[in-house]
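Residue strings, one per chain:
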Amino acid sequence: MSLISFTTPSGFLQRRAKPRGQAQARALLPKAPFPAQRLLGPVLILALWYVASGAGWISPAKMPGPDAVIASLAKMVVDGTLAIDVAASLQRAALGLSIGVVSGFILAVVAGLTRLGDALIDGNVQVKRSIPSLALIPLFIIWLGIGETMKVAIIALGTMVPIYINTHAALRGIDRRFVELGQTVSLSRARFLRHIVFPASLPGFFTGLRMAVTHSWTALVVVETINATSGIGFMITQARIYGQTDVVLVGLLLYGVLGFGSDGLVRALERRTLSWRQSLDQ
Amino acid sequence: MASVARPVDRPDTPVVRVSNLRRVFDGRTILDGLDLNIARGEFVALLGRSGSGKSTILRAVAGLDAVVDGSIEVPERRSVLFQDSRLLPWMSVVDNVTLGSYGPGTRERAKAALREVGLGAKEKSWPKTLSGGEQQRVALARSLVRDPELLLADEPFSALDALTRIRMQRLLQELCQRHAPAVLFVTHDVEEALRLADRVVITANGRITYDQPVATARGSPLRVEALRNDILDRLGVSKD
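Caption draft 1: Expanded view of the overall build of chain A. Scanning chain A from N- to C-terminus turns up 12 helices and 0 strands. Going through the 282 residues of chain A one by one, you find that 27% of them count as buried.

If you want it as structure tokens, here you go:
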């Protein structure tokens, strides 16, 4: 049998004994956000882009600099063509999203609160969930033509799913203790829904809403690129044909700004509505 | 299915009448023909070891157990005080207090109840901004505002720190003197039972095995000591 002896490396104990300050105690939580910190990443990318194109590292035909893109954006604003395309896109996205949100919420409530509804609806939505919207386009063109109806229907169907999934999960996951409380204070079913079930499912609904808003822009790109005579996607497709890289970039920029902006709006709405919550967001 | 009926309204009849209560969980008999009466305005502390069915009795009397067997007569106006304050986090304190109470003057009564528990200034706060003791006081106000003839409490102070617990016990004592509801108070704290109750009841093996008035003993430390030893003994905590 051998005897093993340990020697403590000098400094080891000292390191262990080092007093643990505030930084150590807070290490599990991210640090407090500074104003507009979400903008930092995009601004950094823009700066890099500006430097790279200004220094001539990338060919202007493949990737014009931000100044060229802003110049063509300004031109399109002035001659009014941009407004028409943005308005067309916004209208499609807003209409599709509204229909998707309302129908997703109604389906989630019916499936979440009634057994028959759950039996009829939940399976179908789960199947729909695994079919990409893109794959439905041929069928929708046959049924609805290539007009606005088809585009709005694709967006509505796509945005309905995240609303449904998250709201339904929140309704199903309601805390049993609150149900008992409702029983002990003899709430009617209507008041139980109003005071307990709906407020409890709001956080889930907002998670779904944020996903749905992002999805509405993604779906918009798909439907506008395939067949359209107006909209940002149409503008991009046209510019590709004529080799106008700067216009393509204007289109991408617009999608980015609209997506970022609408997500910010939903976040703000969420913070206002769910101000009773204490979380990392606050 | 338990039959629930209102007792005949005579001063000498018990306000709670539970008889032959039976409850089986997964083949295990928790309540085995249990009987329990509570008089109007009487404070009954219910003690027992873990798993002896204390909470099962309380839930049955509260109407939260749909499959319990037996006969339960309870007053219509009753409130439940849970171990957790069970406040709805999305409602202000005063809205939590009025939950389930309607009609003219409800809000005023809720504010009065909040003042009674010392939280008159917090009516507009979110529950999550209150301390554990304050949250439980709001729950107490929610129980009071219903002007209950029967208050059911399931270890309501066991999650609080020792000092807050004493403060809450005193508050409950005051409130019970003023409003005089019958109380069924489940606890595992013998001291708490001896301090608050008119009568201490112990359950074991699905029945009541000990039923003793304790209020009369409170003047005499010797008698309280004897009661304490007796109760601890029956709960399986012997001195030697």
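Now, onward.
Caption draft 2: The arrangement of helix α4 (residues 132–144) of chain B in detail. All names here are of chain B. With 13 residues, α4 should cover 18 Å at 1.5 Å per step; its first-to-last C-alpha distance of 19 Å lies within 8% of that length. Every buried residue belonging to α4 is among Gln135, Gln136, Arg137, Val138, Ala139, Leu140, Ala141, Arg142, Ser143 and Leu144, and all of these are buried. At its buried positions, α4 is contacted by β6 (78–81), α2 (93–98), α3 (106–116), β7 (150–154) and α5 (162–179).

Caption draft 3: Expanded view of the nonpolar core. Counting 59 residues, the largest nonpolar core has Val44(B), Val61(B), Ala141(B), Leu152(B), Leu184(B) and Phe185(B) as the members making the most contacts within it. In terms of domain composition, this core takes at least three residues from each of domain 1 (13–77 + 150–240) and domain 2 (89–147) of chain B. In this structure Val44(B) touches Ile38(B), Val183(B), Leu184(B), Phe185(B), Ala197(B), Asp198(B), Arg199(B) and Val201(B), once residues within four positions along its chain are discounted. Counting residues in hydrophobic clusters, the runner-up holds 29 residues, among them Ala153(A), Met160(A), Tyr164(A) and Leu220(A).

Caption draft 4: Summary view of the domain arrangement of chain B. Residues and elements named next belong to chain B. Assigned domains of chain B: these are domain 1 (13–77 + 150–240) and domain 2 (89–147). Of note, the centres of domain 1 and domain 2, computed from C-alpha atoms alone, are 25 Å apart. Counting residues at the interface gives 11 residues for domain 1 and 9 residues for domain 2. In terms of residue count, the dominant contributor to the side of domain 1 that touches domain 2 is α5 (6 residues). Here the side of domain 1 that touches domain 2 is composed, by residue class, of 7 nonpolar, 2 polar and 2 charged.

Caption draft 5: Just the packing of helix α5 (residues 81–113) of chain A against helix α10 (residues 189–226) of chain A, in detail. All names here are of chain A. α10 packs onto α5 with a crossing angle of 140 degrees between their chain directions and a minimal axis gap of 9 Å. Taken as axis vectors, α5 and α10 run oblique relative to one another. Here the hand of the crossing between α5 and α10 comes out right-handed. Across the interface between the two elements, Ser89, Arg92, Ala93, Gly96, Leu97, Gly100, Val101 and Phe105 from α5 touch Phe205, Leu209, Ala212, Val213, Ser216, Trp217, Leu220 and Glu224 from α10.

Conventions used here
- Residues numbered from 1 in each chain as written.
- Chains lettered and ligands numbered in written order.
- Predicted model: local features only at pLDDT ≥ 70, side-chain atom pairs only at ≥ 80, totals over all residues.
- Helix = DSSP H or I, 4+ residues; strand = E, 2+ residues; numbered from the N terminus.
- Buried ≥ 20, exposed ≤ 12 C-beta atoms within 10 Å, placed from the backbone.
- Expected span 1.5 Å × (residues − 1).
- Contact = placed C-beta atoms within 7 Å.
- Core = buried A, V, L, I, M, F, W, Y, C linked by C-beta atoms within 7 Å.
- Domains from an automatic or database assignment.
- Nonpolar A, V, L, I, M, F, W, Y, C, P; charged D, E, K, R; others polar.
- Axes fitted to C-alpha atoms, helices over the stretch in contact; angles between N-to-C directions.
- Parallel < 35°, antiparallel > 145°, perpendicular 65-115°, else oblique.
- Left-handed = near helix turned anticlockwise from the far one by under 90°.

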